[in-house]
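One letter stands for each residue in the lines below.
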Amino acid sequence: MTAMTTAQRRPRDERPTGSGDAGTFHRRLLDALADAIEENGYKNTTVGEIVRRARTSRRTFYEHFSDKESCFVALLNERNEETIRRIAAAVDPQAPWQTQIRQAVDAWIRRMESSPPVMLSWIREMPALGGQARRLQRDNMEAFITLIQTLCDTAEMRAAGVGPVPRQRAIMLLGGLRELVATTVEDGGRPGDLSAEAVDAAVALLTPQPS
């Protein structure tokens, strides 16, 4: 029997990884991990499951990621960066300050609603992972803190007495919203069901206090 070549052993849809293919395989692997988390959760997802869904090989996976955790970190970093962009774009800095808060929280809730299992893995499972995941968690928290402080440091917000927002208050707001959404999803609810309560809580926390 003639020995199979590398090209023959490779899955039918996989071509040798060149500069043009690298981004395609990276995208497919991230999407495959997200789909696997949606169906089975992060803990029950294996590298084998990721490559099967991505219709590629373990060799290609390890050309892009050192392990499942690094793939997870890349996925969450991408999702959080997109969430920050969506929130920033949703807020009208000329609107009344309560409206701006509602726009920001509603945009955040919509992002959580788009993929609750991935969101839950981000909140619950990432903190227990290794160093690169913990660094991502800290970096993402800093990015969201900066977002809140930037959104609240506008002429409309300052005129209302809202900004600038202290770092500690931004952390409390982020932590409260994350835990509210996580417990709701764990109990079988939908992030979208929390929109009104989340907005009211954010407005209450950011409402200027009398001297």
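None of the values given here were measured: they were computed from a predicted structure.

Student: How should I be thinking about the pattern of salt bridges in this particular structure?
Tutor: Pairs may arise between side chains of opposite charge once their charged atoms sit close together. Here the structure, examined in full by the defined rule, presents 15 salt bridges. Note that Glu-82 and Arg-85 form a salt bridge whose closest N and O atoms lie 2.7 Å from each other. Of this pair, Glu-82 and Arg-85 both sit in helix α5 (residues 68-90), 3 residues apart, which is roughly one turn of the helix. Given a relative accessible area of 21%, Glu-82 falls into the partly exposed group. Counted as one network, the salt bridges with shared partners bring together Glu-39, Glu-49, Arg-52 and Arg-53.

Student: I would appreciate a short explanation of the packing of aromatic side chains in the present structure.
Tutor: Applying the stated criterion to the full structure yields 4 aromatic pairs. Ring plane angle 85° and centroid distance 5.1 Å describe the contact between Phe-61 and Tyr-62, whose orientation is recorded as edge-to-face. For Phe-61, a relative accessible area of 0% gives the class buried. Feature note: the residues Phe-61, Tyr-62 and Phe-65 constitute an aromatic cluster, connected by ring pairs. When the ring centre of Tyr-42 is taken as origin, the NZ or CZ atom of Lys-68, which lies over that ring, is 4.1 Å away. In this arrangement the basic side chain of Arg-178 is found over the ring face of Trp-122, its NZ or CZ atom lying 4.7 Å from the centre.

Student: Explain helix α7 (residues 116-124) here, please?
Tutor: Quick reminder: α-helices carry 3.6 residues per turn. Residues three or four places apart thus point the same way. Taken across its 9 residues, α7 has 7 buried, putting it largely inside the fold. Turning to α7, its buried residues number three or more, namely Pro-116, Val-118, Met-119, Leu-120, Ser-121, Trp-122 and Ile-123.

Student: Explanation requested: the packing of helix α6 (residues 97-114) against helix α10 (residues 167-186) in the structure shown.
Tutor: Between two packed helices, what matters for the description is the angle formed by their axes and the separation of those axes. Taken N-terminus to C-terminus, the directions of α6 and α10 make an angle of 35°; their axes are 12 Å apart at the nearest point. In this structure, α6 meets α10 at a crossing whose hand is right-handed. Here Trp-108, Ile-109 and Met-112 of α6 come into contact with α10, specifically with Leu-177, Arg-178 and Val-181.

Student: Sorry if this is basic, but what is going on with the packing of α5 against α7 here?
Tutor: In contact at an axis separation of 11 Å, α5 and α7 are set at 110° when each is read in the N-to-C sense. Between α5 and α7, the angle is such that the two are roughly perpendicular. Where α5 abuts α7, its residues Phe-72, Leu-75, Leu-76, Arg-79 and Asn-80 lie against Val-118, Ser-121 and Trp-122.

Student: Just to check I follow, could you spell out helix α8 (residues 131-151) for this structure?
Tutor: Taking 1.5 Å per residue, 21 residues should reach 30 Å; α8 reaches 30 Å between its end C-alpha atoms and fits that length. Restricting attention to buried positions, one finds in α8 the residues Ala-133, Leu-136, Asn-140, Phe-144, Ile-145, Leu-147, Ile-148 and Leu-151. On its buried face, α8 sits against α5, α6, α7, α9 (155-160) and α10.

Student: What should I look at first to understand the side chain of Glu-49 in this one?
Tutor: Inspection of the secondary structure puts Glu-49 in helix α3 (residues 47-54). Judged by its relative accessible area of 17%, Glu-49 falls in the buried class. Within the structure, Glu-49 has its side chain in polar contact with the side chain of Arg-52 (distance 3.1 Å). A polar atom in the side chain of Glu-49 sits 2.5 Å from the side chain of Arg-53. Discounting chain neighbours no more than four positions away, the residues touching Glu-49 are Ala-36 and Asn-40.

Parameters and conventions
- Residues numbered from 1 in each chain as written.
- Predicted model: local features only at pLDDT ≥ 70, side-chain atom pairs only at ≥ 80, totals over all residues.
- Heavy atoms only, no water.
- Salt bridge = Lys/Arg side-chain N within 4 Å of Asp/Glu carboxyl O.
- Helix = DSSP H or I, 4+ residues; strand = E, 2+ residues; numbered from the N terminus.
- Buried < 20%, exposed > 50% of the residue type's maximum accessible area, 1.4 Å probe, protein only.
- Phe/Tyr/Trp six-rings, centres within 6.5 Å; stacked < 30°, edge-to-face > 60°.
- Lys NZ or Arg CZ within 6 Å of the ring centre and 35° of its normal.
- Axes fitted to C-alpha atoms, helices over the stretch in contact; angles between N-to-C directions.
- Left-handed = near helix turned anticlockwise from the far one by under 90°.
- Contact = heavy atoms within 4.5 Å.
- Parallel < 35°, antiparallel > 145°, perpendicular 65-115°, else oblique.
- Expected span 1.5 Å × (residues − 1).
- Polar contact = N/O pair within 3.5 Å; in protein donor to acceptor, adjacent residues only side chain to side chain.

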